[in-house]
Amino acid sequence: MDGDGSLLMNLGSLVTIGNAAPKNLVHCLCRNDSYETNGSIGIPGARRLSFTALAREAGYRAVHRVTELPAWEALLPSLLKAEGPVFVELEVKGHGQYAEDFQRLYAPAYRDRFRAALAAS
C-alpha cells in the first residue's frame with residue numbers, strides 16, 4: 001500500500017521494483033491527489049501525472065487503474081494470482097482539509113519530548 005504523495009516523493013522505488021521484478025508483489029497506490037499526512041495539501045500537477053504510466057515504464061508487468069469499488073472487488077481475485085510486479089492505482093476520496101495546522105510537528109518542545117522518548121527506549 002502506498003499513497004500518491006508518498007510515491008511522488010519516492011519515484012525511484014518504481015524503478016527499483018521494476019528492476020527487481022518480484023513475482024509476488026502487488027503495489028497498490030491510494031490516489032487522492034494530496035499529501036494527506038501534511039494537512040491534505042494538493043500534490044503538484046496532480047491531474048497531469050499518470051502513476052500507471054510511470055509504473056509501466058519502470059518495468060511493472062501489469063498496471064491497473066480503478067475508480068469504483070465494484071471494479072476493485074472484481075479485479076482483486078485475479079490480482080492475488082497474477083505474476084508481479086503488478087501496480088494498481090486506486091482512486092480514493094480525500095479527507096479534506098484538517099482543522100489542525102500541524103505547526104506542533106516543528107515546535108521545539110515536541111521535538112525535545114520525542115528525543116527524550118527515543119533515548120528512554
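Everything below is about the structure printed above this text.
Not measured: the values here are computed from a predicted model.

Draft legend 1. Fine view of the overall build of the protein. Assigned secondary structure in the protein consists of five helices and six strands. Listing the helices and strands of the protein from first to last along the sequence gives β-α-α-β-β-β-α-β-α-β-α. Taking 14 Å as the expected radius of gyration for a compact globule of 121 residues, we find that the protein reaches 18 Å, considerably beyond that expectation. Projecting the C-alpha coordinates of the protein onto the three principal axes gives extents of approximately 50 × 30 × 25 Å. Across the 121 residues in the protein, those meeting the buried criterion constitute 31%. In the protein, of all internal contacts separated by at least 6 residues, the share reaching a separation of at least 24 is 68%. For the protein, the exposed area adds up to about 8000 Å²; of that, 57% sits on carbon and sulfur atoms. On the protein, the mean spot of the 13 positive side-chain charges and the mean spot of the 13 negative ones are 4 Å from each other.

Draft legend 2. Highlighting the side chain of Asn 32. Within the secondary structure, Asn 32 sits in the loop between strand E2 (26-31) and strand E3 (34-35). At 3.1 Å, the side chain of Asn 32 forms a polar contact with the side chain of Ser 34. Sequence-distant contacts of Asn 32, defined by excluding residues within four places in its chain, comprise Asp 4, Val 92, Lys 93 and Gly 94.

Draft legend 3. How the structure looks around the packing of aromatic side chains. Within the structure shown, the criterion is met by one aromatic pair. Judged by centre distance (5.6 Å) and plane angle (80 degrees), the rings of Tyr 60 and Phe 87 are edge-to-face. Taken together, the residues span a long stretch of sequence, with Tyr 60 in the loop between helix H3 (51-58) and strand E5 (62-66) and Phe 87 in strand E6 (residues 86-91) at a distance of 27 residues. Note on Tyr 60: relative accessible area 5%, which makes it buried. Classification of Phe 87 as buried rests on a relative accessible area of 0%.

Draft legend 4. Quick peek at the sheet that holds E6. The strand order across the open sheet formed by four strands is E1-E2-E6-E5, and the pairing between neighbours is parallel. Sheet topology places strand E1 (2-3) and E5 at the edges, where each strand pairs with a single neighbour. With six bridges connecting them, E2 and E6 associate as parallel partners. In the sheet register, Arg 31 faces E6, and the bridge partner there is Glu 91.

Draft legend 5. Seen up close, H3. Turning to H3, its buried residues number three or more, namely Phe 51, Thr 52, Ala 55 and Ala 58. Summarising the axial view, the buried residues of H3 lie within an arc of 130 degrees, below the 170-degree limit, and thus occupy one face. Elements in contact with the buried residues of H3: helix H1 (4-8), helix H2 (12-20), E2, E5 and E6. One or two steps after H3, the chain reaches Gly 59, where phi turns positive at roughly 115 degrees.

Draft legend 6. Fine view of helix H4 (residues 69-81). An ideal rise of 1.5 Å per residue puts 18 Å on 13 residues; H4 measures up with 19 Å between its terminal C-alpha atoms. Of all the bends in H4, the greatest reaches close to 35 degrees and is centred on Leu 75; the proline Pro 77 follows between one and four positions later. Among all positions in H4, only Trp 72, Leu 75 and Leu 79 are buried. Tucked inside the fold, the buried residues of H4 contact E2, E5 and E6.

So, how was this worked out
- Residues numbered from 1 in each chain as written.
- Predicted model: local features only at pLDDT ≥ 70, side-chain atom pairs only at ≥ 80, totals over all residues.
- Heavy atoms only, no water.
- Helix = DSSP H or I, 4+ residues; strand = E, 2+ residues; numbered from the N terminus.
- Rg over C-alpha atoms; globule rule 2.2 N^0.38 Å.
- Buried < 20%, exposed > 50% of the residue type's maximum accessible area, 1.4 Å probe, protein only.
- Contact = heavy atoms within 4.5 Å.
- Areas by Shrake-Rupley, 256 points an atom, 1.4 Å probe, with all protein chains shown as cover.
- Lys, Arg positive; Asp, Glu negative; His and termini not counted.
- Charge placed at Lys NZ, Arg CZ, Asp CG, Glu CD.
- Polar contact = N/O pair within 3.5 Å; in protein donor to acceptor, adjacent residues only side chain to side chain.
- Phe/Tyr/Trp six-rings, centres within 6.5 Å; stacked < 30°, edge-to-face > 60°.
- Pairing = 2+ DSSP bridges.
- Arc of directions from axis to C-beta.
- Expected span 1.5 Å × (residues − 1).
- Bend = angle between axes of the 7 residues up to and from the residue.

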